[in-house]
Amino acid sequence: MNKDLDIKFIKGIGPKRSQSLNSIGITNFEELIEYFPRRYLDRRTIVPLDRLSADKEVTVVGKIEAAGIKRLRKRIFYLVISDGKGLLEAVWFNFTDQYKKVFKIGEWVALSGKVSYYRGYQLTHPDFDRLGDGDLNKMLNTGKILPLYKISDSLKNHGFNSYVFRKIFQEIINNHLENFEEILPKEIREKYSFLNRKESYKNIHFPENTDSLDKCINRFKYEEFFYLQLILAIQSYHFKEKEKGIGFSKPSKKLELLFNNLQFQLTDAQKRVVKEIRKDMKNPHPMNRLLQGDVGSGKTLVAVMAMLIALDNGYQSAIMVPTEILAEQHYYNINNLLKDLDVKISLLTGSSPKQAREILQNDLNKKEPHIIIGTHALFQAGIDYAHLGLIIIDEQHRFGVMQRAALQEKGIKADLLLMTATPIPRSLALTVYGNLDVSILDELPPGRQSIKTIWRFDNKSKEIYKFIIENIDTGAQVFIVFPLVEESEKIDLKAATESFEKLSSTYFKNKSIALLHGRMGSEEKDAIMKKFSNGEIDVLVSTTVIEVGVDIPNATIILIEHAERFGLTQLHQLRGRVGRGSKKSYCILKTPHNIGENAIQRMKIMSETNDGFRIAEEDLKIRGWGDFFGIKQSGIPEFKLANPIRDQKILQQARTDAFNLVNSDPSFNMPEHETLKNIIISKYADKIKLMNIS
Ligand code: ADP
Ligand code: MG
C-alpha cells in the first residue's frame, strides 16, 4: 500500500470530497480504509415491503419508482419505492431542493424509520442511504451483505452516500492494497485464525458471509485492544524493571504506635491493603497503586498509615483532594489521629496566603519528614518538593489527567497511591488502569447500619420535613442537598438559597439551620462545617460541595432535592455522607412526578442497593463506557469497533498476549515485531506519556 498517497488522488474522491473527509477526521489512506461500516444490511435485517406493519421500526430497501414534490395542505417531497413484493411511500415535510437531485428514479435506496398507515404504509422523514443501481434484490437474495456507512451532513452535501463509499473502497481494494504489510505477529494470527490484514479490510467492506464478517470484526476489535494493552504493558514493564524509586526499608515505629492506639480494630480488608502497600513501598521500584473502596470503607486511615511509613524513612508525603472543604477536613482529622505522634502536618489550598506558602517552602527545604495536605494548589503554587517520597490522590476520579500529570512531574520517583470510591468492575479496570496495581477495600467497618433509601415525589414534602424534625428531636443531624451544575449555576444557586430561606422561616424555624455553597469564602465554609461537625447545626442545606469525603457520624439523614438531576455515582457518593455512625440512617430522594425513563431507573437502583460495585455497573450500562470514564479528556483512545463491556473476552485475550509479548521482547527487537514497533511509535507515542498517570 502506498500509505503516503494523498486521498484526493483516489478515484472517486478529488479535492472537494477530500476536504469534506478531512473535516470528519479522515486525512490519510489508513484512516480512510478504517472508516468501517456503521452497520450492515442483509436479508435478516431488511423487511420485505409485503411484510410491513404499523408502528414498527424498520429498514427497507427498494428501487425508486417515483419521486417529486406534491402539494397537500403543505408542500411535501415524496418517494415511492418497490422491491418486487410491494410498494411503499416515504414523505418529507421538511426538505431542500437538493432532494430532487439526490433521489434518481431507477436507483436503489435503503430507508429506515417507523412505519405509519395513511392510505397505505408510509415512512415519514426516514433516514435514507443511496445504494446505487444494479439489482439489489438479487444481491441480497444470494446472501450478500450490504455495508452502510455513517454519512454526516457535510459528507451528504459533498455527494457521499454508502454507494459512493462502496465504490471508493472497491477502488482501493482493487488497486491500492498490493504491498500491504501485516501488523499482528504470525503466532497471534494463527492462534485465533484471523484473516490477514488485506483480507480483513476486504471482508469488512465487502463481507462474503456473516461468519467471515464476524471473524474480521473480531480481528479489528482485537487489534484495538491489543495496541492499548501493549502500551500499558510497556509502561508497566519499564516502571517495574527500569525506574528506580525509593525503597522504604525501615519498619515504621509511628505506624505501630498508631495501630496500637486506635480506638477500633482495622477491618481485615484494611489490614490486607496496608500489607500490600507496605510491600510496594519497601520495594525500590516506585509504587503505582489504585485503592478502590466504597464510601466509608476507611481509605483515609490506610492513606495515613502509608504516609507514616514514608515519614519514618525520612521522607515527605503529600495528599491531594478535590475540594478545599475536604482538604480542611482531612487536615483536622489527620491532626487528630496523629496528635500524640509528633508529626509535622501542613495544609495548602488555593486560599492559603502567600506568607503561609513561603513558610511551607522553607520547611520543605529542610528535607525533614512532613505531611502536606491540600487541593490541586499543592502542585500549582510554584512550590518545590525536593524530598517527596509519597503522593496520594484521594477521590482520584475527580482529577483530570493533566492535573495528575503535573503532579507526577514534581516528584517523579515518589510512590503513588490513587484512591477512589467509584469502583470499576475489575475487567474494565484493566482497560483503563491496566498499568496500575489494584487494591480493594471490600469491607465496611463493623457496626455500620445499612442506609435506608426512600424515593418520594415533591407532593410529599410536608411528610418528609415532619419526619426530619422528629429525628432532629432525637438528636440527628441532617443534610439537605440541592443540585448545582456549572451551566446553570446562577439559577441553581438561587433555587438553593430561596429554599433555604423558606425552610428556615417555616419548617425549621426552631432549629439551627445553615447554608453552604461553593461560592462562599473558605473561611466561612470552614466555620460552618466546623459547627455542623460539632453538632451546633441541625440542618445543613448545601449544594454538592459536600459530595465527597465529608465524615460526620452524627449526620443520619440526607435529603436530596431534585434527585433526578444527579447521576448514579454522584447519588451514591452523596448517600455515603450518612450511615457513618452506629445509628440508623436514611437517604431520601425527592423528585417531581414527571421524570425521564433513565432517571426512574436511577431512583429504582438507588432504592434497591447500597452496593457501590453494583451501582457502578448499572451506571456504566446507563451512560455507556465512554461517558462513564470521561474518555474524551482521559487520553485513552476511543475504539471504533471494540466495546470493553461487550467484548471482555477479546480484551482479556489481547491483554494476556500483549503482556507476554512485552515480557519476552521488551524492546521489540525481534523482526516479527518490527511493524508493530513502528505503529506504536507513530500512532501512540503521545499517548504513552499521558497514560502513565491515568
Ligand atoms: P472513605 O473510605 O469513604 O474515605 P473514611 O476514611 O472517611 O472513609 O472513613 C469513614 C469513617 O470510618 C471514619 O470516621 C473513620 O474514622 C472510620 N473508620 C475507618 N476505619 C475504621 C475501622 N476499622 N473501624 C471503625 N471505624 C473505622
Ligand atoms: Mg475519603
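Because the structure is predicted, anything quoted here is derived from the model rather than measured. (Residues numbered from 1 in each chain as written. Chains lettered and ligands numbered in written order. Predicted model: local features only at pLDDT ≥ 70, side-chain atom pairs only at ≥ 80, totals over all residues. Heavy atoms only, no water.)

A.B. asks: Even after reading the chapter, I still don't get the overall build of the protein chain, so can you show me in this structure?
C.D. replies: Scanning the protein chain from N- to C-terminus turns up 26 helices and 21 strands. Within the span of the protein chain, comprising 694 residues, buried residues form 54% of the whole. Look at the contacts in the protein chain between residues 6 or more apart in sequence, and 74% of them connect residues 24 or more apart. Of the roughly 32900 Å² that the protein chain leaves accessible, carbon and sulfur atoms contribute 48%. (Helix = DSSP H or I, 4+ residues; strand = E, 2+ residues; numbered from the N terminus. Buried < 20%, exposed > 50% of the residue type's maximum accessible area, 1.4 Å probe, protein only. Contact = heavy atoms within 4.5 Å. Areas by Shrake-Rupley, 256 points an atom, 1.4 Å probe, with all protein chains shown as cover.)

A.B. asks: What exactly am I supposed to notice about the packing of aromatic side chains here?
C.D. replies: Where two aromatic rings form a pair, the distance of their centres and the angle of their planes describe that pair. This structure, assessed with the given rule, holds 32 aromatic pairs. Each ring, one from Phe-36 and one from Phe-220, has its centre 4.8 Å from the other, and the planes form 40°; the classification is tilted. A residue pair is termed long-range when its members are at least 10 positions apart, and Phe-36 in the loop between α2 (29-33) and β1 (39-41) and Phe-220 in helix α9 (residues 210-242) qualify at 184 residues. Comparing Phe-36 with Phe-220, the two get one shared label, buried. Ring geometry for Tyr-99 against Phe-128: centres 5.8 Å apart, planes inclined by 70°, an arrangement best described as edge-to-face. Here Tyr-99, found in helix α3 (residues 98-102), pairs with Phe-128, found in strand β7 (residues 127-132); they are 29 residues apart in sequence, far enough to count as distant. Classification of Tyr-99 as buried rests on a relative accessible area of 15%. The ring of Tyr-78 carries Lys-70 above its face, with NZ or CZ at 5.0 Å from the centroid. Between Lys-156 and the ring centre of Phe-128, over which it is positioned, the NZ or CZ distance is 4.5 Å. (Phe/Tyr/Trp six-rings, centres within 6.5 Å; stacked < 30°, edge-to-face > 60°. Lys NZ or Arg CZ within 6 Å of the ring centre and 35° of its normal.)

A.B. asks: What is the right way to read the confidence of the model for the protein chain from this model?
C.D. replies: When pLDDT is low, close inspection of the predicted coordinates is not appropriate. Averaged over all residues, the pLDDT of the protein chain is 85; the fraction at 70 or higher stands at 88%. Mean pLDDT values over the elements of the protein chain span from 47, in helix α24 (residues 631-634), up to 97, in strand β21 (residues 585-591). The low-confidence segment residues 690-694, where pLDDT is below 50, has 24 contacts with residues more than four positions distant or belonging to other chains. (pLDDT = per-residue confidence, 0-100.)

A.B. asks: Quick question: what am I supposed to make of the side chain of Glu-564 here?
C.D. replies: Take Glu-564: it is sitting in the loop between β20 (555-560) and α20 (568-575). Summary of buried charges: Glu-564 has no salt-bridge partner, and the nearest side chain of opposite charge, Arg-565, is 5.9 Å away. Ignoring anything within four residues of it in the chain, the contact list for Glu-564 reads Lys-590, Thr-591, Pro-592, Ile-595, Ala-599, Arg-602 and Met-603. (Lys, Arg positive; Asp, Glu negative; His and termini not counted. Salt bridge = Lys/Arg side-chain N within 4 Å of Asp/Glu carboxyl O.)

A.B. asks: Teacher, can you tell me more about the environment of Asp-473 here?
C.D. replies: Within the secondary structure, Asp-473 is located in helix α17 (residues 461-473). The class of Asp-473 is exposed, set by a relative accessible area of 53%. In this structure the C-alpha to C-alpha distance between Asp-473 and Asp-538, which are 65 residues apart in sequence, comes to 9.5 Å.

A.B. asks: Is there a simple way to explain the sheet that holds strand β18 (residues 513-516) in this structure?
C.D. replies: Hydrogen bonds between backbone groups are what pair the strands of a sheet, and the pairing can be parallel or antiparallel. Strand order in the open sheet made by the six strands is β16-β21-β20-β17-β19-β18, with parallel pairing throughout. Either end of the sheet is taken by a strand with one partner, and the two such strands are β16 (451-457) and β18. When strand polarity is set aside, the average angle formed by the axes of neighbouring strands in this sheet is 20°. Across four bridges, β20 lies against β21 in parallel orientation. Bridge assignment links Ile-557 to a residue of β21, and that residue is Tyr-586. Across the sheet, α20 is in contact with β16, β17 (477-481), β20 and β21; its angle to β20 comes to roughly 150°. (Pairing = 2+ DSSP bridges. Axes fitted to C-alpha atoms, helices over the stretch in contact; angles between N-to-C directions.)

A.B. asks: Which parts of the structure should I look at to understand the packing of helix α13 (residues 324-337) against helix α19 (residues 522-533)?
C.D. replies: Helix-helix packing is characterised by the crossing angle of the two axes and by the distance between the axes. With their axes 10 Å apart at the nearest point, α13 and α19 run at an angle of 50° to one another. With respect to α19, the axis of α13 lies oblique. Where α13 crosses over α19, the two elements pack in a sense that is right-handed. Across the interface between the two elements, Glu-324, Ile-325 and Glu-328 of α13 pack against Ser-522, Lys-525, Asp-526 and Met-529 of α19. Classifying every residue of the contact of α13 with α19 gives two nonpolar, one polar and four charged. (Parallel < 35°, antiparallel > 145°, perpendicular 65-115°, else oblique. Left-handed = near helix turned anticlockwise from the far one by under 90°. Nonpolar A, V, L, I, M, F, W, Y, C, P; charged D, E, K, R; others polar.)

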